[in-house]
Amino acid sequence: MATAKNAKSPAGSRIADLGLGKPELEQMLRRMYEIRAFEEKVAYFFSRGMIHGTTHLYVGEEATAVGVISALREEDWISSTHRGHGHTIAKGIDLNRMMAELFGRETGYCKGKGGSMHIADLTRGNLGANGIVGGGIPIATGAGITSKLKGLDRVSVAFFGDGAINEGSFHESVNLASVWDLPVLYVCEDNQYGMSMSRHKSINLKDLAQRAKAYGIPGKTIDGNDILEVYAETKKALEHVRKKGPYLLVSETYRYLGHSKSDANRYRTKEEINEWKKKDPIPRLRSEMTASGLFSEADLDAIEKVARDELEEAVEFAQNSPEPSLDSLTDDVYA
């Protein structure tokens, strides 16, 4: 989401080549810290039985959500997944209401009745998380139809995991979008596992972007832990999407934690996890920002502190919010 530029980085740096100024970079880093801090807080509260239900955490994948969404316009749409906290935060959702929803409080986005996998904010172009694997893909495709029929010049982005790329909803949606030249960007977050199944055992392709060829659309695989690459490649993909139609972007990344809070994580080795942690997207962006000459380490620490302070405020807001009354038990129930 573009903001006014001010200070410039040295000519020849990646940041300068992308035309990014201090406000954009600050927002990118702050959003990634917000996601990381939010997920760490949620993990803590779930482990102590203070939040109920289930959740699927996004720790390690922050660069994909923030990189893609930073390249969008304010009015563009996204659809999310069961692992949707990162997407919703990157799209600028109210952290207080989001945390309140996970605590089951009346001030939450679904009045405390939806929980982790049902957060949406149509005013921010967030069409919602989805507990069904691949369930958000046709929703984003439908938004693309709306944009096409109404001439809105709005893109919709479907986020989904490598497990969903085998779902019928993916194939049917991409085929339809290709036939009708719909303005939809399909973003596959390849975090290497569909639940406990390695995607290398479930898909006979080294490069998932090859799936695009079957539908006559372009596709590309990128380093999903490098936010500057994610941002740059998303900008290129959006140029195609706005003028010609759908595009498949495969973002290779990794979740540090288990599939959900009940995942014992026995199908992965500590060595594998630690190797991916060496590619952590947050220190990688920090390194780029200091190398640009625009920021000191103290500046970046201050950005992190703001994000973490916001999360503490969100927790306080949620814990001090009222629980839904019994009188509201059947509200919003349609059958």
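For the structure given in this document, a descriptive report is provided here. The residue count restarts for each chain, going from 1 along the sequence in the order it is written. It should be noted that, the model being predicted, local features are given only for residues of pLDDT at least 70 and side-chain atom pairs only at 80 or more, the latter also being counted only at that level, while totals for whole chains, interfaces and linings use all residues. Note that water and hydrogens are dropped before the side-chain values are worked out from all heavy atoms of the structure.

Now for the overall build of the chain. A count of helical and extended segments in the chain gives 12 helices and seven strands. Taken along the three principal axes of its C-alpha coordinates, the chain extends 55 × 50 × 45 Å. Partly exposed residues are those whose accessible area sits between 20% and 50% of the maximum for their type, while under 20% is buried and over 50% is exposed, using a 1.4 Å probe and protein chains only. Counting over 335 residues, the chain shows a buried share of 52%. Within the chain, residue pairs in contact and separated by at least 24 positions form 71% of the contacts whose partners lie at least 6 positions apart. Only the protein chains shown count as cover for residues, and all accessible areas are computed by the Shrake-Rupley method using a 1.4 Å probe. By element, 51% of the accessible surface of the chain is carried by carbon and sulfur atoms, the whole surface being about 14900 Å². A run of DSSP states H or I qualifies as a helix once it reaches four residues; a run of E qualifies as a strand once it reaches two. Both are numbered from the N-terminal end. Contacts between residues were defined by any pair of non-hydrogen atoms, one from each residue, lying within 4.5 Å.

As a further point, take the sheet that holds strand β3 (residues 184-190). Taken together, the five strands give an open sheet; going across it, the order is β1-β2-β3-β7-β6, and neighbouring strands pair in parallel fashion. Whereas interior strands pair on both sides, the edge strands pair on one side only; in this sheet they are β1 (77-79) and β6 (219-223). Direction aside, the axes of adjacent strands within the sheet are offset by 20° on average. By the bridge criterion, five bridges tie β6 to strand β7 (residues 247-252) in an arrangement that is parallel. Of the residues in β7, the one forming a bridge with T221 is V250. Two strands make a pair as long as DSSP finds a minimum of two bridges between them. Axis lines are fitted through C-alpha atoms, for helices just across the contact stretch, and the angle between N-to-C directions can take any value from 0 to 180 degrees.

The next subject is the packing of helix α3 (residues 62-70) against helix α9 (residues 227-243). Two numbers describe how α3 lies on α9: the axes approach to 8 Å, and their chain directions differ by 35°. Considering how the two elements wind past one another, α3 and α9 form a crossing that is right-handed. Between α3 and α9, the residues in contact are A63, T64, V66, G67, V68 and S70 and I227, V230, Y231 and T234, respectively. The residue inventory of the contact of α3 with α9, partitioned by class, reads six nonpolar, four polar and no charged. Crossing handedness follows the turn of the near helix against the far one: under a right angle anticlockwise gives a left-handed crossing, and clockwise gives a right-handed one. Residue polarity is assigned by list, with Asp, Glu, Lys and Arg as charged and Ala, Val, Leu, Ile, Met, Phe, Trp, Tyr, Cys and Pro as nonpolar; anything else, Gly included, falls into the polar class.

Below, the discussion takes up unusual backbone geometry. The phi angle at D153 is positive, at roughly 55°, despite the residue not being glycine. Inspection of the secondary structure assignment puts D153 in the loop between α6 (136-150) and β2 (156-161). Assessed through its relative accessible area of 43%, D153 is described here as partly exposed. A positive phi is found at Q192, a non-glycine position, where the angle reads about 85°. Mapped onto the secondary structure, Q192 falls in the loop between β3 and β4 (193-194). Under the relative-accessibility criterion, Q192 is labelled buried at 10%.

Here we take up the packing of aromatic side chains. Side-chain rings of Phe, Tyr and Trp, where Trp is taken by its six-membered ring, are said to pair if the distance between their centres is within 6.5 Å; with planes under 30 degrees apart they count as stacked, over 60 as edge-to-face, and otherwise as tilted. Per the stated rule, a full pass over the model turns up six aromatic pairs. Between Y44 and F45 the ring centres are 5.3 Å apart and the planes differ by 75°, which places this aromatic pair in the edge-to-face class. On the basis of an interplanar angle of 50° and a centroid distance of 5.5 Å, the ring pair of F160 and F170 is categorised as tilted. Note that F160 is positioned in strand β2 and F170 in helix α7 (residues 168-180), a separation of 10 residues in sequence. F160 sits in the buried class, given a relative accessible area of 1%. A relative accessible area of 1% places F170 in the buried class. Pairwise contacts between aromatic rings join Y193, Y254, Y267 and W276 into one cluster. Only when the NZ of Lys or the CZ of Arg is both within 6 Å of the ring centre and within 35 degrees of the ring normal is a charge said to sit over the ring. Sitting over the ring of F295, K22 keeps its end group 5.1 Å from the ring centre. It is R268 that lies over the ring of Y193; its NZ or CZ is 5.7 Å from the centre.

The next thing to look at is the nonpolar core. In plain words, nonpolar cores are sets of buried Ala, Val, Leu, Ile, Met, Phe, Trp, Tyr and Cys residues tied together by side-chain atoms within 4.5 Å. Counting 62 residues, the largest nonpolar core has F38, V157 and L185 as its most contacted members. Per element, the largest residue contribution to this core is 11 residues, and it comes from helix α2 (residues 22-47). In this structure, L185 is in contact with V155, S156, V157, A158, T234, A237, L238, V241, Y247 and L249, ignoring residues within four places of it in sequence. Grouped together as the second largest cluster of nonpolar side chains are 21 residues, A140, A158, V174 and I217 included.

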